[in-house]
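Architecture and fold: a report
If you want the building blocks of each chain, they are given just below.
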Amino acid sequence: MTMKPKPSGAIPDRMIYERRESGVRSYARSMPRQFGKAEGVWMHDSEGGRYLDFLSGCSTLNYGHNHPLLKQALLDYIAADGIAHGLDLHTDAKEAFLRTFEDVILTPRGLDYRLMFTGPTGTNAVEAAIKLARKVTGREMVIAFTNGFHGMTLGALACTGNAAKRGGAGVPLSHVAHEPYDGYYGPEVDTADLLDQRLSDPSSGLDAPAAILVETVQGEGGLNAASPEWLRRIADIAKAHGALLIVDDIQAGCGRTGGFFSFEEMGFTPDIITMAKSLSGMGLPFALTLFRPEFDQFSPGEHNGTFRGNNHAFVTATAALRHFWSDGAFQVDVRRRGDLLDARLTRIAARYGFETRGRGMMRGINTGSGELAGTVTAACFDAGLIIETSGAHDEVIKVLAPLVIDDATLGVGLDILETRIREAMTSEYAVAAE
Ligand SMILES: *Cc1c(COP(=O)(O)O)cnc(C)c1O
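Note that the structure is a prediction, hence the values are computed from the model and not measured.

Attention shifts here to the site of the ligand. Contacts to the ligand come from T121, G122, T123, F149, H150, G151, E215, D248, I250, Q251 and K277. For the ligand, an oxygen atom lies 2.8 Å from a polar atom in the backbone of T123. K277 is positioned such that a nitrogen or oxygen atom in its side chain is 2.7 Å from an oxygen atom of the ligand. In isolation the ligand exposes 380 Å². Once the protein is present, 82% of that is buried. A class-by-class count of the residues in the shell around the ligand yields two nonpolar, six polar and three charged.

As structure tokens, this is what we get:
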């Protein structure tokens, strides 16, 4: 299997990006190529270079690039002049999606949620969730967690921990308290106990919260995975203190951690769930906020938007639900492959005294240094592997391979990663560590 990109890597007209595209562009900086095609787990640049994709559009492509069944469903829909715009009308595509979501996801899990179609980005689903929780409870304050990432619009950004991202707001980000996530003070300190204590103490200064907003695995914040016990405690604490529990499943959901939802079989049921990223299954923008029926309290259009029904995304999402989630086979396979990934990463990490992070097919290696992790991921890219970092200091190398990757190809990518870590460790960093 050869995948070495052509060494030139020239971008046909690099200057057009320099001249016209805003300097806010980011991923393109660490992957300075121009991409034209992709299929399955592979991306191709315009110079004939081929890349194994361990980023999956930041987990928007859990089923791989241009999955044949999803692509055909979309081609058929467009060929038949299906509705393409995004107003929240009733459409054939929306009906099929709602029915399929009910049949394939909700009913078999014994879950009862209303589906709210928000604007098509994850941050919009989070805005809707926290607005709804504030409306339902009549409270203002939301509890979010250290290292949490929830999006870039002001409400969601206020819930995000990262200082560089928060700095872009230009106004105070308020009405959110950031409490320590599971393990923040090390294994000895139960941060759920601390939260309960503060909420139960009338003199702690912590206002009664409208919601507790949590990721089960922190996608951008360093792949910290909360334990099921801790999450159950947080669910109990929310209930005891009259707050709604919001699980932000935008990155950890859609099979990334095994189940369709990341909290399955953990023994609690969120009041509100946010989803986006891999929901359309094809990288098309599509976000959802799910809530228990008793919280369906927005009046018509109270949280509105022009793109609250991406019909093309409904079509591909429906095809993905039918193909991957109608029975348990896919889930079993993802869990098995997640164990494989864990075993391999653990072996690599142990060699250098690093630790692994994450759960399911959402795992990585904490190198303890953003510089080291950046050196490794850049070297991986040069060797034809697309892979990114995560964490407060970008110190965690994050594997987000498509869930459909076969074991052998997963191994090929991990071989590249292992080699590049070894090279980085035997050069400057090994010397620096002495
Ligand atoms: C990506 C992400 C978001 C924001 O989604 P956008 O589509 O980028 O707005 C919110 N929460 C989590 C957990 C995410 O990973």
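So that's the structure; there's more coming.
We now examine the sheet that holds strand β15 (residues 396-399). Within a sheet, adjacent strands bond to each other through the backbone by hydrogen bonds, running parallel or antiparallel. An order of β11-β12-β15-β14 is seen for the four strands of this open sheet, with the pairing classed as antiparallel. Every other strand in the sheet has two partners, leaving β11 (355-359) and β14 (388-390) as the edge strands with one partner each. Within the sheet, the average angular offset between the axes of one strand and its neighbour, ignoring direction, is 35 degrees. Bridge count for β11 against strand β12 (residues 362-366) is five bridges, and the pairing is antiparallel. Residue pairing in the sheet places T356 in a bridge with I365 of β12. Contacts from helix α12 (residues 329-351) reach β11, β12 and β15, with the element oriented near 0 degrees to β12.

In this section: the packing of helix α13 (residues 370-382) against helix α14 (residues 407-426). In the contact formed by α13 and α14, the axes pass within 9 Å of each other and the chain directions differ by 130 degrees. When the axes of α13 and α14 are compared, the pair comes out oblique. α14 is crossed by α13, and the crossing has right-handed handedness. Contacts between α13 and α14 involve L372, T375, V376, A379 and C380 on the former and, on the latter, I416, L417, R420, I421, A424 and M425. Looking at the contact of α13 with α14 residue by residue, the classes come out as nine nonpolar, one polar and one charged.

This part takes up the nonpolar core. In terms of nonpolar packing, the biggest core is built from 89 residues, with F54, F101, I212, F260, F261, L417 and I421 touching the most fellow members. If one sorts the elements of this core by residue count, helix α11 (residues 311-325) sits on top with nine residues. Discounting residues that sit within four places of it in the chain, L417 has contacts with L345, V376, C380, L385, I387, I397 and V399. One finds A129, A144, I250 and F295 within the second-largest nonpolar core, a separate group that totals 29 residues.

Before going further, it helps to spend a moment on a nonpolar patch on the surface. Together, Y184, Y185 and V189 make up an exposed nonpolar region whose accessible area comes to about 300 Å². Within the element layout of this structure, Y185 appears in the loop between β6 (176-179) and α9 (191-200). The class for Y185 is partly exposed, based on a relative accessible area of 48%.

Here we take up the pattern of salt bridges. Using the criterion set out here, one finds 24 salt bridges in the structure. Between R99 and E95 there is a salt bridge whose closest N-O contact spans 2.9 Å. Here R99 pairs with E95, and both are found in helix α5 (residues 92-106), just four residues apart, close to one helical turn. Among the charged side chains, a salt-bridge network with shared partners connects D190, D193, D196 and R233.

We now examine the packing of aromatic side chains. Counting across every chain of the model gives 23 aromatic pairs. On the basis of an interplanar angle of 65 degrees and a centroid distance of 5.2 Å, the ring pair of F145 and W230 is categorised as edge-to-face. Here W230 lies in helix α10 (residues 228-240) and F145 lies in strand β5 (residues 141-145), a separation of 85 residues in the sequence. We classify F145 as buried; its relative accessible area is 2%. Over the aromatic face of W42 sits the side chain of R50, whose NZ or CZ is 3.7 Å from the ring centroid.

Along the chain, T100 falls in helix α5. Residue classification places T100 among the buried residues on the basis of a relative accessible area of 5%. For T100, the side chain forms a polar contact with the main-chain oxygen of A96, separated by 2.6 Å. Dropping the residues within four chain positions of it, T100 is found in contact with I105, T318, L321 and R322.

Procedures and definitions
Residues numbered from 1 in each chain as written. Predicted model: local features only at pLDDT ≥ 70, side-chain atom pairs only at ≥ 80, totals over all residues. Heavy atoms only, no water. Near = heavy atom within 4 Å. Polar contact = N/O pair within 3.5 Å; in protein donor to acceptor, adjacent residues only side chain to side chain. Areas by Shrake-Rupley, 256 points an atom, 1.4 Å probe, with all protein chains shown as cover. Nonpolar A, V, L, I, M, F, W, Y, C, P; charged D, E, K, R; others polar. Pairing = 2+ DSSP bridges. Helix = DSSP H or I, 4+ residues; strand = E, 2+ residues; numbered from the N terminus. Axes fitted to C-alpha atoms, helices over the stretch in contact; angles between N-to-C directions. Contact = heavy atoms within 4.5 Å. Parallel < 35°, antiparallel > 145°, perpendicular 65-115°, else oblique. Left-handed = near helix turned anticlockwise from the far one by under 90°. Core = buried A, V, L, I, M, F, W, Y, C linked by side-chain atoms within 4.5 Å. Buried < 20%, exposed > 50% of the residue type's maximum accessible area, 1.4 Å probe, protein only. Patch = residues over 30% accessible without salt bridge, like charges linked within 9 Å, V, L, I, M, F, W, Y side chains within 5 Å. Salt bridge = Lys/Arg side-chain N within 4 Å of Asp/Glu carboxyl O. Phe/Tyr/Trp six-rings, centres within 6.5 Å; stacked < 30°, edge-to-face > 60°. Lys NZ or Arg CZ within 6 Å of the ring centre and 35° of its normal.

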